[in-house]
Amino acid sequence: MSDNQNNASETIIACNPNAIALDRRDDHEAAAKEIFSPASVLGIKELSNGYGFRLAMDSRLLHKVIDFIDNERLCCPFYTFTLVIDEQFWFELTGTPEVKAYIGAELVTALKSGELPTFEALQDAYTAASGSANHQ
Amino acid sequence: MSSETMLDSDSVIACEPSALTAEQQAHWVKEIVPKLYKTVQEIQELPDGWAWRLPSDPEVLMLVAEDLNMERLCCPFVRYTLEIPPNRGPFWLRMTGVEGVKQFLRMSFESGNYFDAHVAKAAGLNLAASPDIDSVQTALEATSKLNERYAQSVHPKDNA
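Residues numbered from 1 in each chain as written. Chains lettered and ligands numbered in written order. Predicted model: local features only at pLDDT ≥ 70, side-chain atom pairs only at ≥ 80, totals over all residues. Heavy atoms only, no water.

A.B. asks: Kindly report on the overall build of chain A, identifying the contributing residues and their values.
C.D. replies: When its secondary structure is counted, chain A shows four helices and six strands. In chain A, the order of α-helices and β-strands from amino to carboxyl end is β-β-α-β-β-α-β-β-α-α. Taking the contacts inside chain A whose residues are at least 6 apart along the sequence as the reference set, 62% of them involve residues at least 24 apart. (Helix = DSSP H or I, 4+ residues; strand = E, 2+ residues; numbered from the N terminus. Contact = heavy atoms within 4.5 Å.)

Rendered as structure tokens:
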């Protein structure tokens, strides 16, 4: 059973930063800030099941996104990550309607304000969400 | 006589290994082919291309990143879609494009001994005459022949 599930039918829609090894968290936070920075994100589109972020087509950035996904899928196992590469480079985060709402609230809003949530804030949110799920 | 096949003024169905540095070419042969292509678990045919199922493994993810960085330069007419599903499910790499791309990709898969034999056979690929891609020279020759064969298949009279 993953850290984001209490039972087979319940998935906690909150990222659990503790799922990322301690020695990788600083790099992961830095990668998130770079990937979701105004310099990297050239556009945002709403999808039926999530959001897409158009990124600069850059070899180094592609590697960084893959690195980011490698850790993020541990932290947020409810996401579907999709990279689309042709004339443009799109990074899509999708999932259930609850997941889409989570992405909108946590990431898209933060992007527009320029302040991504910190690890501490994500941990607090996860603790609150898992505590709430345990009491249902 | 051109070995390139024009779709329109902006798109050519032919891979250009010269878009890669010698170091990238060597890396592709020595690392990507044996460690990534051989780990493909399933090859699915799509209406407009192909999909590979790959194991949900961090090393595979890094190899895919390296491969995509090179493939997008070498074969820019292909749309690459990498899907990483929830809860550590297998990765899916889809390669699609306009008319002709699917056929080119099939010929590309059959131009060298890239995949596990069982996986290739299950996908209906014919690797009987495919050389082992064990050197940069072999890889470059295979790509050159692929481009020629595809061009001839599309315009047999023009390339006669």
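A.B. asks: Hey, could you go over the packing of aromatic side chains for me, with residue numbers and the actual values?
C.D. replies: All names here are of chain B. According to the stated counting rule, one finds 20 aromatic pairs over all chains in the structure shown. Measuring from ring centre to ring centre gives 5.9 Å for Tyr37 and Phe115, while their planes differ by 10°; the resulting arrangement is stacked. Here Tyr37, found in the loop between helix H1 (22-35) and strand S3 (42-46), pairs with Phe115, found in the loop between helix H3 (101-109) and helix H4 (117-122); they are 78 residues apart in sequence, far enough to count as distant. Centroid distance Tyr114 to Phe115: 6.3 Å. Interplanar angle 65°. Geometry classified as edge-to-face. Looking at Tyr114, the relative accessible area reads 6%, which means it is buried. Its relative accessible area of 1% is what places Phe115 among the buried residues. (Phe/Tyr/Trp six-rings, centres within 6.5 Å; stacked < 30°, edge-to-face > 60°. Buried < 20%, exposed > 50% of the residue type's maximum accessible area, 1.4 Å probe, protein only.)

A.B. asks: Tell me about the environment of A:Tyr79, and please be specific about residues and values.
C.D. replies: Mapped onto the elements, A:Tyr79 comes out in the loop between helix H2 (59-75) and strand S5 (80-85). C-alpha separation for the pair A:Tyr79 and A:Glu120, spaced 41 residues apart in sequence, amounts to 20 Å. In contact with A:Tyr79, other than residues within four places in its own chain, are A:Cys15, A:Glu72, A:Leu93, A:Thr94, A:Val99, A:Tyr102, A:Ile103, B:Ile84, B:Pro85 and B:Pro86.

A.B. asks: I'd love a proper account of unusual backbone geometry, names of residues and values included.
C.D. replies: The backbone of B:Asn87 shows a phi angle near 50°, a positive value even though the residue is not glycine. For B:Asn87, the location among the structural elements is in the loop between strand S5 (79-84) and strand S6 (91-96).

A.B. asks: Explain the state of the cysteines to me, using residue names and the numbers behind them.
C.D. replies: Two cysteines form a disulfide when their sulfur atoms are joined by a covalent bond. One pass over the structure, following the stated rule, counts two disulfides over all chains. B:Cys15 shares a disulfide with B:Cys75; S-S distance 2.1 Å. On the sign convention where negative is left-handed, the bridge of B:Cys15 and B:Cys75, at about 120° about the S-S bond, is right-handed. One end of the pair, B:Cys15, is in the loop between strand S2 (11-12) and H1; the other, B:Cys75, is in the loop between helix H2 (58-74) and S5, and 60 residues separate them in sequence. Assigned by exposure class, B:Cys15 and B:Cys75 land together as buried. You can see A:Cys75 has no disulfide; the closest cysteine sulfur is in A:Cys76, sitting 3.7 Å from it. Left without a disulfide partner, B:Cys74 is nearest to the cysteine sulfur of B:Cys75, which lies 3.9 Å away. Assessed through its relative accessible area of 9%, B:Cys74 is described here as buried. (Disulfide = S-S within 2.5 Å.)

A.B. asks: How would you explain the confidence of the model for chain B if you had to name every residue and give the values?
C.D. replies: Scored by pLDDT, chain B has a mean of 89; 91% of the residues are at 70 or more. Note on the complex model: pTM 0.87, ipTM 0.86. (pLDDT = per-residue confidence, 0-100.)

A.B. asks: Now, about the interface of chain B and chain A: what can you tell me, with residues and values included?
C.D. replies: Taken together, the contact between chain B and chain A spans 22 residues of the former and 22 residues of the latter. Buried surface at the junction of chain B and chain A, summed over both partners, amounts to about 2000 Å²; 57% is from carbon and sulfur atoms. Together, B:Asn69, B:Arg72 and B:Ile84 form the three largest contributors to the area buried by chain B at its contact with chain A, with a combined 27%. Across the pair A:Asp86 and B:Arg79 runs a salt bridge whose closest N-O atoms are separated by 2.6 Å. Here chain B and chain A share eight residue pairs in polar contact (both at pLDDT 80 or more) between them. (Buried area = accessible area lost by both parts, 1.4 Å probe. Salt bridge = Lys/Arg side-chain N within 4 Å of Asp/Glu carboxyl O. Polar contact = N/O pair within 3.5 Å; in protein donor to acceptor, adjacent residues only side chain to side chain.)

A.B. asks: Just give me the short version of the environment of B:Glu59, but keep the residues and values in it.
C.D. replies: Position of B:Glu59 relative to the elements: it lies in helix H2. In this structure, the C-alpha to C-alpha distance between B:Glu59 and B:Glu110, residues 51 residues apart in sequence, is 25 Å.

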